[in-house]
Every structure is written in C-alpha cells, then in structure tokens.
Amino acid sequence: MRVWQDVNDARDIYISARPADGSWRTLGTIPLPLDDGLSSSGRFRYGDIALDVPLANRSSSATIEVRVWQDVRDALRIYISARPADGSWATLGTIPLPLDDGLSSSGRFRYGDIALDVPLPPRFDIPVPTVAAVEFEGEFPASERASLTEQLKREFSRVATFFAHTYGVAAPDLTIVMQRPSVGAGFGGGTIWLSDGFEEAINHEYVHALQEELSSGHGPGWMTEGVATYFELRYDEAVGDQTFETFDEGFRYYLQSARFYEQPLQTLEAGVSKVQEYAVSLMATERLADLVNDDALLEFYRQLEADTPWQSTFAEVFGITVDAFYESFEPYRLEIAPRHLYFRGTVLGPDGAPVQGLFVTPMREGEFFFWRDTTDADGTFDVIAESFLTTGATVWGDDGQPILSNDETPVVLELRTNTCEILGYMGPDGGMVERRDEAKEFILEGLTITGIVIRLPLDPWTLPIPTGCGTSGIN
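The structure displayed is predicted, hence computed values, not measured ones.

J.: How do you make sense of the pattern of salt bridges when you look at a structure like this?
T.: Pairing between side chains of opposite charge can happen when the charged atoms of each approach one another. A full pass over the atoms with the stated rule returns 22 salt bridges. In this structure, the salt-bridge partner of Arg-123 is Asp-295, at a minimum N-O distance of 3.1 Å. With a gap of 172 residues between them, Arg-123 in the loop between strand E10 (109-113) and strand E11 (131-137) and Asp-295 in helix H6 (residues 294-303) connect regions that are remote in the sequence. With a relative accessible area of 15%, Asp-295 lands in the buried category. Measuring nitrogen to oxygen at the nearest pair gives 2.8 Å for the salt bridge that ties Glu-144 to Arg-180. With Glu-144 in helix H1 (residues 142-167) and Arg-180 in the loop between strand E12 (174-179) and strand E13 (186-188), this pair connects stretches of sequence that are 36 residues apart. Overall, the relative accessible area of 24% leaves Glu-144 in the partly exposed class. Connected through shared salt-bridge partners, Asp-6, Asp-12 and Arg-108 make up one network.

Written out as structure tokens, the structure is:
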C-alpha cells in the first residue's frame, strides 16, 4: 500500500495498492476522502475503500478493504487498517504509517509505503473429503501404525482443504496404504500408495485423484505429471512447512533436472517416469498457467471427455493449439534451462577392445567438474561437459539465470581407474598422456562434442590399482 498526502493540503489523501512486487499501474492511484466518519473518541477521521487486487495465476481477484485514519489535531499523523472483504479489522490491527518515504516527482505529494500480509478468505465453500481408511502392508508395529494413521489423516485433511477452498475441487474419500519396504508413491483405484520417505507425496497423488474425478478422458502424460507437480509446489508454498518454502524455490530446483532432458516435450505425451521428465513437464505446465491461469489447468480436466481428442480440449481451454504450444515452448525452455553439453565417445585398449569401468571426467582450470561417467561394456562414455561452480548445485545470478562455466577456457578429459587415482589424460592424437598440460584441449562452443575415441597404450587393469586415496597418479 502507498498513501499519498498533498503537501499543501494535509486532508487531500490518495491511495495506491498492488500485489507484492507487482505494478502500481495495475490499480492506479485513487482519491480517498476521509469523510466516512470519526473514531468513537472523535480523535480520528477515516475513509474506507475496497480494492480488487489481482492474484498471480488466478482467474479472480481478492477484495481487500482498507481504512486510512488521520489525527484530527495533527493531520500529518496517518494510520492504516486492512482486512479481507467482510473480515475483521482486528485481524491486522491499526498500524502507524509515517508519510516519510519520499515525495512525488512534482514535489506536491509526500507518501508512505507499507506491506500488509492480508489473509485471504476461502474462494470456495465446498465439502472437504476425508480419509476413508489407512491401511498397512508390511512390518509396522502397532504403536507406529497409530502415529502414522494420525499423521497421514492430518496431512490429507490439510491437502484436501487447500484444494477445496482455493480451487473449488475435491476428490471422493480416499484410502491411504502405507507400504514397507519402501516403493515410492502412487495413486490408483481410489487409493493413495505411500511408503517410507514419501509421506509428503500426499499432495502430489491427491492431484492425480482430482484429475481422475474431474475428467472421463486422458490428457498427455506430461500434463498428468506436470499439473500434479505444479500444484504440489503451490501447496508447499501455501502451507509453508513442506519441501519448498516458495513456488519459485521449487521451480528453480526442477530447472536443474530439466537440463538433462534432450528430447522435445511432445516425446512425453505417452508418459513420464524420470526426474528430468517430471522437470520438463513442470516447466510446460508453468508456461500454460502463465499463459492463462491456475484455474485453466483444472478446467482442462473438467472439459476432457473420453470421446474427444485431448488436443481439441487443449486448444479450447488454453487458446493455443498443441502444435503451436510445442513450437513456442522449446525456445522458452532453452532460455531458462539450457540443455547440458556432453562429451561422448569410446575408450579402447591397446588391442582395440573396449575398456569398461574407466572414469572419464572433464577438467577445466579454476573450476570443479562435478560430473563423471564410467565407460560401459562397449567402452562408451557420456559425460556432461560443464562444471558446477559449487559442488552439486547450480549458482544462480541476480537475474535468476544459472551462471555457467567459462566456455572460452579449454577443457581436457581426465581418465581414472577409480574415484581418486589418475591414470592419465586424452592426448592430442587420441592416445593417452601423463601430464595435464600435454592433454588435448577442447573449446566448448555451445555444442555437444561427439565421436571422441581414446586409445590407451596399455591395459589399465593390468596395473596394481591402489585402493586408497593417499597418492595421486600412476607412473
């Protein structure tokens, strides 16, 4: 909120509002006459205004009621109150707002800013489903069954309430089955399947229950999992005590995995199974929500029918054909999650036979390369050609984009017999050299390097391979 006051007339008040980090232009600046009444003591005059604040990725706005108070005896003393529409003023109280944050460009108005976290009332009032039963498969002591039952019912209630009150959707009462040993999580036939370490997956699997409840048809596999992962992150952000505190935090996490997937999005229509495929599916779903809103993701399933191609429903709900979306998605995807570059090749022994089990690691001066690959039975390797600037995590710049390696600096390929003992480096002629400064240098120019062949002058497995990491190098 921003409250403006005329420097020459302290009773001339204006108000601006915006969603956090939004634009002041969305609602503009509105006059607010302080003529709605006086406080019970007669000391303060006030004016009320209702502001419809648009919410990110929602089809409806939130109405926030604001009251600005002014001291009758000292017109420079301003206070502010806010509440959800028809809520209680006591929720946030009345807060002093010094108008000392600056002057307008003309110098005519002074202003003061304040950020208010206004709790939103439920958008929908529909019945919330419950857990029909909690069942166990495997070794679960009686005391553990009791605590897990309580925990799972409590979490299911939070999840179901969130979707009912925020999006107006509910699945029927469901059964939860806990399995041991751990096999992951899944949904099918009115049952959410969970196991050790996957208790928080209730929110993701509940979205699958909603998809089944809303539609009689089946959409593409990438939407099935992308929508579930998208709303999983929205739920995490709303409750604040799950894996990710904000949607953006979770989205950035998945972007790292998306860089591993090299195929176009349409290859995931049949289904999704790997983490990098989930990540690309999430990116596509986030793109759809950005094009329309969150509600459209659910509306797609409402309109999906068994006897209608999902492609036609997609075009109707999102206002773009599937083919056009695929075409526009790839440049967007490459911009925010550029695909990893790779070194791909083969290691052969002195007899020309493939060498299996050798570690191949790219190395660049001044950077730590987290990635390595071991040669397969046919001697092939497939290793990421980029370093992480910190171990195992991308460094993000101020612009929200990943900071990548310096591609103008040469990279060499290091060969190891285990994780710590260096055998040598790929030489300029495709053979092996002992010293790093003698190695063949590759310059990465935004392209994956393929067709590499390394021919070893000796069979590495005929050497005595140290098992410890106390020495470096094999003579």
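The structure having been displayed, the exposition proceeds.
J.: What am I meant to see in the confidence of the model for the protein here?
T.: Close reading of the predicted structure is inappropriate where its pLDDT is low. Of the residues in the protein, 93% have a pLDDT of 70 or more, and the chain-wide mean is 89. Predicted confidence in the protein is weakest over strand E19 (residues 395-396), with a mean pLDDT of 54, and strongest over helix H7 (residues 310-318), with 97. Contacts from residues 388-393, a stretch scored under 50 in pLDDT, to residues over four places away or in other chains number 16 contacts.

J.: How should the environment of Ala-209 be read in this particular structure?
T.: Secondary-structure assignment places Ala-209 in helix H2 (residues 202-214). A residue is classified by how much of its surface remains accessible, and Ala-209, at 2% relative accessible area, is buried. The spacing of Ala-209 and Pro-172 is 37 residues in sequence and 8.2 Å in space, taken between C-alpha atoms. The residues touching Ala-209, leaving out its near neighbours within four places in the chain, are Ala-171, Leu-174 and Phe-187.

J.: Explain the layout of surface pockets to me, please; I cannot follow it from the model alone.
T.: The rolling of a water-molecule-sized probe over the atoms marks out the regions of remaining empty space. In this structure, the second largest pocket encloses a volume near 500 Å³. Considering the residues around the second largest pocket, the lining is formed by 24 residues, among which Phe-198, Ala-201, His-204, Glu-232 and Tyr-254 are closest to the centre. Those elements giving two or more residues to the lining of the second largest pocket turn out to be H2, helix H3 (221-239), helix H4 (247-258) and helix H5 (275-291). Counted by class, the lining of the second largest pocket contains eight nonpolar, nine polar and seven charged residues.

J.: Where do I start with the sheet that holds strand E8 (residues 94-96) in this structure?
T.: Adjacent strands of a sheet form backbone hydrogen bonds with each other and so pair up, either parallel or antiparallel. An order of E4-E5-E6-E7-E8 is seen for the five strands of this open sheet, with the pairing classed as antiparallel. The open sheet has two edge strands with one neighbour each: strand E4 (37-38) and E8. Note that strand E5 (residues 44-54) and strand E6 (residues 61-71) share 11 bridges and pair antiparallel. Looking at E6, one finds that Asp-48 is bridged to Arg-67.

J.: Just checking my understanding: could you explain H5 for this structure?
T.: Structurally, the α-helix is built with 3.6 residues per turn, so residues lying three or four positions apart point the same way. The end-to-end C-alpha separation of H5 is 24 Å, in line with the 24 Å expected for 17 residues at 1.5 Å each. Buried residues of H5: Glu-277, Ala-279, Val-280, Ser-281, Leu-282, Met-283, Ala-284, Thr-285, Glu-286, Leu-288 and Ala-289, and no others. Those residues of H5 that are buried are in contact with H3, H4, H6, H7 and helix H8 (322-336).

J.: What exactly am I supposed to notice about H7 here?
T.: Those residues of H7 that sit buried are Trp-310, Thr-313, Phe-314, Val-317 and Phe-318. Relative to the axis of H7, the buried residues are bounded by an arc of 105 degrees and lie together on one face. Contacts from the buried residues of H7 go to H3, H5, H6 and H8.

J.: Can you walk me through the sheet that holds strand E16 (residues 359-363) in this structure?
T.: Spatial strand order, E17-E16-E21-E22-E23: five strands in an open sheet with antiparallel pairing. In this open sheet, the two strands that pair with only one neighbour each are strand E17 (373-374) and strand E23 (432-433). Across two bridges, the pairing between strand E22 (residues 422-426) and E23 is antiparallel. The residue bridging Tyr-425 from the neighbouring strand is Val-433, located in E23.

J.: So what exactly am I meant to see when it comes to the nonpolar core here?
T.: It is characteristic of soluble globular proteins that their nonpolar side chains tend to be buried jointly. Among the nonpolar cores identified, the biggest contains 67 residues, and Phe-163, Trp-222 and Phe-314 are the most heavily contacted of them. Discounting chain neighbours no more than four positions away, the residues touching Phe-314 are Trp-222, Met-223, Leu-288, Phe-300, Gly-319, Ile-320, Thr-321, Val-322 and Phe-325.

J.: So what exactly am I meant to see when it comes to the packing of aromatic side chains here?
T.: Here a ring pair, both rings aromatic, is described through the centre-centre distance and the interplanar angle of the planes. According to the stated counting rule, one finds 31 aromatic pairs in the structure shown. For the pair Phe-162 and Tyr-235, a centre-to-centre distance of 5.5 Å together with 70 degrees between the ring planes defines the contact as edge-to-face. Highlighted residues: Phe-162 in helix H1 and Tyr-235 in helix H3, separated in sequence by 73 residues. Judged by relative accessible area, Tyr-235 falls into the buried class, the value being 0%. Between Phe-163 and Phe-231, the ring centres sit 6.0 Å apart and the planes meet at 75 degrees, which makes this aromatic pair edge-to-face. Placement of Phe-163 in helix H1 and of Phe-231 in helix H3 is noted, with a sequence separation of 68 residues between them. Accessibility classification places Phe-163 together with Phe-231 in one group, the buried group. Its end group placed over the ring of Tyr-46, Arg-67 keeps NZ or CZ at 4.0 Å from the ring centre.

J.: Explain the side chain of Asp-236 to me, please; I cannot follow it from the model alone.
T.: Along the chain, Asp-236 falls in helix H3. No salt bridge forms around the buried Asp-236; measuring N to O, its nearest opposite-charge neighbour Arg-158 is 7.7 Å away. Residue contacts for Asp-236: discarding those within four places in its chain leaves Asn-203, Asp-241, Gln-242, Thr-243, Phe-244 and Glu-245.

Rules used throughout
Residues numbered from 1 in each chain as written. Predicted model: local features only at pLDDT ≥ 70, side-chain atom pairs only at ≥ 80, totals over all residues. Heavy atoms only, no water. Salt bridge = Lys/Arg side-chain N within 4 Å of Asp/Glu carboxyl O. Helix = DSSP H or I, 4+ residues; strand = E, 2+ residues; numbered from the N terminus. Buried < 20%, exposed > 50% of the residue type's maximum accessible area, 1.4 Å probe, protein only. pLDDT = per-residue confidence, 0-100. Contact = heavy atoms within 4.5 Å. 1 Å grid on protein atoms, 1.4 Å probe; cavity = no way out; pocket = protein on both sides within 12 Å on 5 of 7 lines; lining within 4 Å. Points joined across faces, edges and corners; volume = space filled by probe spheres on them. Nonpolar A, V, L, I, M, F, W, Y, C, P; charged D, E, K, R; others polar. Pairing = 2+ DSSP bridges. Expected span 1.5 Å × (residues − 1). Arc of directions from axis to C-beta. Core = buried A, V, L, I, M, F, W, Y, C linked by side-chain atoms within 4.5 Å. Phe/Tyr/Trp six-rings, centres within 6.5 Å; stacked < 30°, edge-to-face > 60°. Lys NZ or Arg CZ within 6 Å of the ring centre and 35° of its normal. Lys, Arg positive; Asp, Glu negative; His and termini not counted.

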